Amino acid sequence: MSMQVVRTTEGWWVEGRAGRLHRVMTDADTTAGLLADRAAVQEAAERARTDPDAGSSTAEAELLSPVTTPCRVVAQMVNYRSHALDSGFDPDTVPPAFFRKASGSLSGPYQDIVRPQHVRFLDYEVELGLVMGAHLPVGTEVTDAALSQYVAALVVANDVSARDLQLPKTQFYESKSYPTFTPLGPRLLLVDAGDLARLPDLRLTLKVNGTTRQDRTTTDMIVRPARALSLLARFQTLQPGDVLLTGTPGGTALKSPGRLLTTLAALLPPHKRWQKFFARQQANPDYLKDGDAVTARIATDDGVLDLGEQRTVVRAR
């Protein structure tokens, strides 16, 4: 059975069904340490069940990212069929790919997203984060049945992206690693094998100023978590507290300009190609602007698994 954990400056708390916080009696100051002290989390969860109205309200707490740093933040690229189509890829042939984000990009679920002055095309990507609870050595083959041996928790993520840095430089690290470019939380949802069996039921939604931009379940995924971890483990080890972001659904601001325009653009020198591309993007109203409010939520439709909703506002540096 899942357990909802949040983090504040005062420590770790189980959030009960009544929206009240119950302290986890642990000395852990990292996510890895908390996951290793599951008995303390279970004890707090039991208190939340037997006395649901005790404790302070979650609404009164200043929540931090439930994933502590430093940690590894690895992400899957183009891992939803809808996103592949938006990006001009064939979802049946697009190869699995991974990239890294700096752990310094992690921020809390209600912190502002700070846009650097030189970034003009800021985009959003709601993603399901898998938080590791055990060492994943290089060479590990992970099956669906064994997934719970490695994945201890789930978290809402927004993979904020500076498209005008990502595309011309053909790299991801800088464009996705500025401070506040990975809001996480609010909840660290501790899960077991039964919960992970319901991963296909999770729905990812993202809204900007109340308008829905992304809305898909994880059945749209191309490479599912067990297979993704197996592919990643060919070359990368993961430790408890590390995070794998599993891709975003369609609906981001960035979309392919279409096959014809792409073919014509390929005839231009690279600097001219990007000048024309971003000139067209100027007319796209979906990129994030200063003052925009972004909400991202992941839950099953029946609410049994609920990772919560983060709310962030875009601000210029």
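Computed from a predicted model, the values in this text were never measured in an experiment. (Residues numbered from 1 in each chain as written. Predicted model: local features only at pLDDT ≥ 70, side-chain atom pairs only at ≥ 80, totals over all residues. Heavy atoms only, no water.)

Draft legend 1. Just the side chain of Glu 15, in detail. In this structure, Glu 15 sits in strand S2 (residues 11-15). For Glu 15, a relative accessible area of 10% translates into the label buried. Engagement of the side chain of Glu 15 in a polar contact is seen with the side chain of Thr 58, the distance being 3.4 Å. Excluding its chain neighbours within four sequence positions, the residues that come into contact with Glu 15 are Gln 4, Val 6, Arg 20, Leu 21, Thr 58 and Arg 187. (Helix = DSSP H or I, 4+ residues; strand = E, 2+ residues; numbered from the N terminus. Buried < 20%, exposed > 50% of the residue type's maximum accessible area, 1.4 Å probe, protein only. Polar contact = N/O pair within 3.5 Å; in protein donor to acceptor, adjacent residues only side chain to side chain. Contact = heavy atoms within 4.5 Å.)

Draft legend 2. Region of interest: the pattern of salt bridges. Taken as a whole and judged by the stated rule, the model has 22 salt bridges. Residue Lys 176 is joined to Glu 125 by a salt bridge in which the shortest nitrogen-to-oxygen separation is 3.5 Å. Taken together, the residues Lys 176 in the loop between helix H4 (163-169) and strand S12 (182-183) and Glu 125 in the loop between strand S8 (122-123) and strand S9 (126-132) connect sequence positions 51 residues apart. According to the relative accessible area criterion, Lys 176 is buried, its value standing at 1%. Residue Glu 125 is classed as buried on the basis of its relative accessible area, which comes to 5%. Look at the salt bridges and you will find they share partners, linking Lys 101, Asp 123, Glu 125, Asp 159, Arg 163 and Lys 176 into a network. (Salt bridge = Lys/Arg side-chain N within 4 Å of Asp/Glu carboxyl O.)

Draft legend 3. Region of the structure containing the pairing of S2. The element S2 is largely enclosed, with a buried count of 5 among its 5 residues. Across 4 bridges, strand S1 (residues 3-8) lies against S2 in antiparallel orientation. Counted as the bridge partner of Val 6 is Trp 13 from S2. Connecting the antiparallel pair S1 and S2 is a turn made up of 2 residues. As judged from the 3 bridges shared by S2 and strand S3 (residues 21-23), these two strands associate in the antiparallel manner. Bridge pairing in S3 links Trp 13 to Arg 23. The hairpin turn running from S2 into S3, its antiparallel successor, is 5 residues long, and Gly 19 in that turn takes a positive phi close to 75°. (Pairing = 2+ DSSP bridges.)

Draft legend 4. Highlighting the nonpolar core. Among the nonpolar cores identified, the biggest contains 54 residues, and Leu 128, Leu 154 and Leu 229 are the most heavily contacted of them. When residues of this core are traced back to their parent elements, those giving at least two are S9, strand S10 (151-158), H4, strand S14 (202-208), helix H6 (225-232), helix H8 (270-281), strand S17 (293-300) and strand S18 (306-316). For this core, the element with the highest residue contribution is H6, accounting for 5 residues. Apart from residues no more than four positions distant in its own chain, Leu 154 is found in contact with Leu 128, Gly 129, Leu 130, Arg 187, Leu 188, Leu 189, Val 191, Leu 196, Leu 199, Leu 202 and Leu 307. (Core = buried A, V, L, I, M, F, W, Y, C linked by side-chain atoms within 4.5 Å.)

Draft legend 5. Molecular detail of H6. Among the 8 residues of H6, 7 are classified as buried, and the element is accordingly described as predominantly covered. Every buried residue of H6 is accounted for by Pro 225, Ala 226, Ala 228, Leu 229, Ser 230, Leu 231 and Leu 232. Elements in contact with the buried residues of H6: strand S4 (73-76), strand S5 (98-101), S9, S10 and strand S16 (243-245).

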